[in-house]
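Observations on chain architecture
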Amino acid sequence: MYSTRSGEATTALRDVSLSLRAGEFVSLIGPSGCGKSTLLKIVAGLIDVTHGELVADGAELAPRNLGVVFQSPVMLPWRTVLRNVLLSADVLGLDRAEATERARRLLAAVGLDAVEQMYPTELSGGMQQRVAIARALLHDPAILLMDEPFGALDAITREDLNTRLQGLHTEQAKTVLFVTHNIDEAVFLSDRIVVMSGRPGRVVAEVPVDLPRPRSVRDKLSAEFRTIESLVRDKLEEGGHEPGAGVEPQAQASGQ
């Protein structure tokens, strides 16, 4: 619960219970304003919970076990790509030599090893977001939280980053909680999709994505992929969501 500028009390989430298995990729999807980002920020420790608790392996969830990627990459313009990735090392007091080596490996993994000495203004939006992902993984967190990280990018760049993120998830074996409005993206990336209702947000369905990995762009054209997309859309409508309001339509793979 939080207060609006007018002082009105607003309940963002109600009776939400969500569990993630180690190494699982889970997407949250629902209409705008349903509390997806609020839930993610609660998990990240950026918003205090009014009721309830967060537990990891039977203990309180520690912020150090989390990496966070927002829609905006929030890079420091006076630092190079490499030094932006090393920001969390500075904050957490990590060994500089080990952190630098890991930063370079992560930059190579996201295809940016050739630009580590460039500055943010010299990068495209997609490249900046790849830097943000590398930075979030630098301290080797157990859980990666991603709040619509590709929402502001064009379709082609977004598709490329979806593929790169899938590879990182497989390689790094992280547990990922991913917020998106895009059904196509959720199906492509996820092991499970959590569908939320309008405000106050509550979980109305969980849709398993039993598609083999790795997934390619061409897999989006398969009947199995489209069936899962349709099921997610049906669950959104059952949860009181008006089709076309606040959730991105299915992307046509052939046009990206």
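To be clear, the structure that these remarks concern was listed above.
Now for a quick tour of the structure.

Criteria and thresholds
Residues numbered from 1 in each chain as written. Predicted model: local features only at pLDDT ≥ 70, side-chain atom pairs only at ≥ 80, totals over all residues. Heavy atoms only, no water. 1 Å grid on protein atoms, 1.4 Å probe; cavity = no way out; pocket = protein on both sides within 12 Å on 5 of 7 lines; lining within 4 Å. Points joined across faces, edges and corners; volume = space filled by probe spheres on them. Helix = DSSP H or I, 4+ residues; strand = E, 2+ residues; numbered from the N terminus. Phe/Tyr/Trp six-rings, centres within 6.5 Å; stacked < 30°, edge-to-face > 60°. Buried < 20%, exposed > 50% of the residue type's maximum accessible area, 1.4 Å probe, protein only. Lys NZ or Arg CZ within 6 Å of the ring centre and 35° of its normal. Core = buried A, V, L, I, M, F, W, Y, C linked by side-chain atoms within 4.5 Å.

Turning to the layout of surface pockets, a few remarks are in order. Of the voids in this model, the largest pocket is the one considered here, and its volume is about 1200 Å³. Lining the largest pocket are 40 residues, and of these L18, L39, V43, E53 and L54 sit closest to its centre. Elements with a contribution of two residues or more to the lining of the largest pocket: α1 (36-44), β4 (55-56), β7 (143-147) and β8 (175-179). No other element matches α1, which puts four residues into the lining of the largest pocket.

A separate point is the packing of aromatic side chains. Summed over the entire model, instances satisfying the criterion amount to two aromatic pairs. Between F25 and F178, the ring centres sit 5.6 Å apart and the planes meet at 45°, which makes this aromatic pair tilted. One end of the pair, F25, is in strand β3 (residues 25-29); the other, F178, is in strand β8, and 153 residues separate them in sequence. Residues F25 and F178 agree in their burial class; the two are buried. Plain terms: the ring middles of F150 and F178 are 6.1 Å apart, the flat faces sit at 50° to each other, and that makes the pair tilted. Note that F150 is positioned in the loop between β7 and α6 (155-172) and F178 in strand β8, a separation of 28 residues in sequence. For the residue pair F150 and F178, the accessibility class agrees, reading buried in each case. Here the aromatic cluster, defined as three or more aromatic residues joined through ring pairs, consists of F25, F150 and F178. Across from the ring centre of F188, 5.1 Å away, lies the NZ or CZ of K220, which sits over that ring.

Judged by nonpolar contacts, the single largest core of 49 residues is most densely connected at M146, F150, F178, V187, I193, V195 and V232. Ranked by residue count, the leading element in this core is helix α5 (residues 125-137), at seven residues. The next biggest cluster of nonpolar side chains, apart from the first, holds 18 residues, and it includes A12, L145, L177 and V194.

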